[in-house]
Amino acid sequence: AQSVAQPEDQVNVAEGNPLTVKCTYSVSGNPYLFWYVQYPNRGLQFLLKYITGDNLVKGSYGFEAEFNKSQTSFHLKKPSALVSDSALYFCAVRDASSGTYKYIFGTGTRLKVLA
Amino acid sequence: GAVVSQHPSRVICKSGTSVKIECRSLDFQATTMFWYRQFPKQSLMLMATSNEGSKATYEQGVEKDKFLINHASLTLSTLTVTSAHPEDSSFYICSARAPEGTEAFFGQGTRLTVV
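Residues numbered from 1 in each chain as written. Chains lettered and ligands numbered in written order. Predicted model: local features only at pLDDT ≥ 70, side-chain atom pairs only at ≥ 80, totals over all residues. Heavy atoms only, no water.

**Q** Explanation requested: the overall build of chain B in the structure shown.
**A** Looking only at helices and strands, chain B has zero helices and eleven strands in total. Counting helices and strands in the order they occur from the N terminus, chain B gives β-β-β-β-β-β-β-β-β-β-β. Its C-alpha atoms give chain B a radius of gyration of 13 Å, near enough to 13 Å, the size a compact globule of 115 residues would have. Dimensions of chain B, computed from C-alpha atoms along their principal axes, come out at roughly 40 × 25 × 20 Å. Expressed as a percentage of the 115 residues in chain B, the buried residues total 51%. Taking the intrachain contacts of chain B between residues at least 6 apart in sequence as the baseline, contacts between residues at least 24 apart amount to 53%. For chain B, the accessible area works out to roughly 5,500 Å², and carbon and sulfur atoms hold 51% of it. The average position of the 11 basic charges and that of the 10 acidic charges among the side chains of chain B differ by 7 Å. (Helix = DSSP H or I, 4+ residues; strand = E, 2+ residues; numbered from the N terminus. Rg over C-alpha atoms; globule rule 2.2 N^0.38 Å. Buried < 20%, exposed > 50% of the residue type's maximum accessible area, 1.4 Å probe, protein only. Contact = heavy atoms within 4.5 Å. Areas by Shrake-Rupley, 256 points an atom, 1.4 Å probe, with all protein chains shown as cover. Lys, Arg positive; Asp, Glu negative; His and termini not counted. Charge placed at Lys NZ, Arg CZ, Asp CG, Glu CD.)

**Q** It is not clear to me how the state of the cysteines should be interpreted in this structure. Could you clarify?
**A** A disulfide bridge is the covalent bond that connects two cysteines by way of their sulfur atoms. All names here are of chain B. For the structure on display, the rule yields two disulfides over all chains. Put simply, Cys23 and Cys94 are joined by a disulfide, and their sulfur atoms are 2.0 Å apart. Since a negative S-S torsion denotes a left-handed disulfide, the Cys23-Cys94 link at about 80 degrees is right-handed. Remark: Cys94 occurs in strand 9 (residues 90–97) and Cys23 occurs in strand 3 (residues 19–25); sequence separation between them is 71 residues. Since its relative accessible area comes to 0%, Cys23 is described here as buried. For Cys94, a relative accessible area of 0% puts it in the buried group. With no disulfide of its own, Cys13 has Cys94 as its nearest cysteine by sulfur position, at a separation of 18 Å. Overall, Cys13 belongs to the buried group, its relative accessible area being 9%. (Disulfide = S-S within 2.5 Å.)

And the structure:
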């Protein structure tokens, strides 16, 4: 069965410091991995994805994520956090071998960047 | 990037009435759309997969007679909450998969309040 774990409900970081939001996954086939961000009362905004190729993926707003197959992780990172990065972040996985386009979402991590 | 428009963004209705939520892909054709429900401070729960020209596929535990889904064209899927009750109050989000892409794009969400 597919699953996604985001072990931290909330991450606090000071503005200007690097941030990491953790994600681990489990799929039976090849994983497609995604990060989305959600602001209050809004839908989800796509940040970045890993499909194949380089393990380090760069996305919107200076975010990047590293695919680690041996650790089944896809942690989201940013070298220098901004207060405006404060939001709810979701990791998602799709099993590329499943023939469906269903996404399984993690429980979300609330990022708070302190000025 | 691709745009998905969801309407209305907020709706308040009386118990026993029905409410229709629209999800449109504005600049691409979406053969598959997804409907999610999000409870406060929780992750997205997939309700159903909507395929153009065919019946929707509902996830386990989702009442198909209560949550009617219609995907009559390649750019429009609708979710109708029939005989709404206060426990149906929630944030509903749609997403659409572009045929040539692998990521889903999300609508802005609809806050439904049943009084």
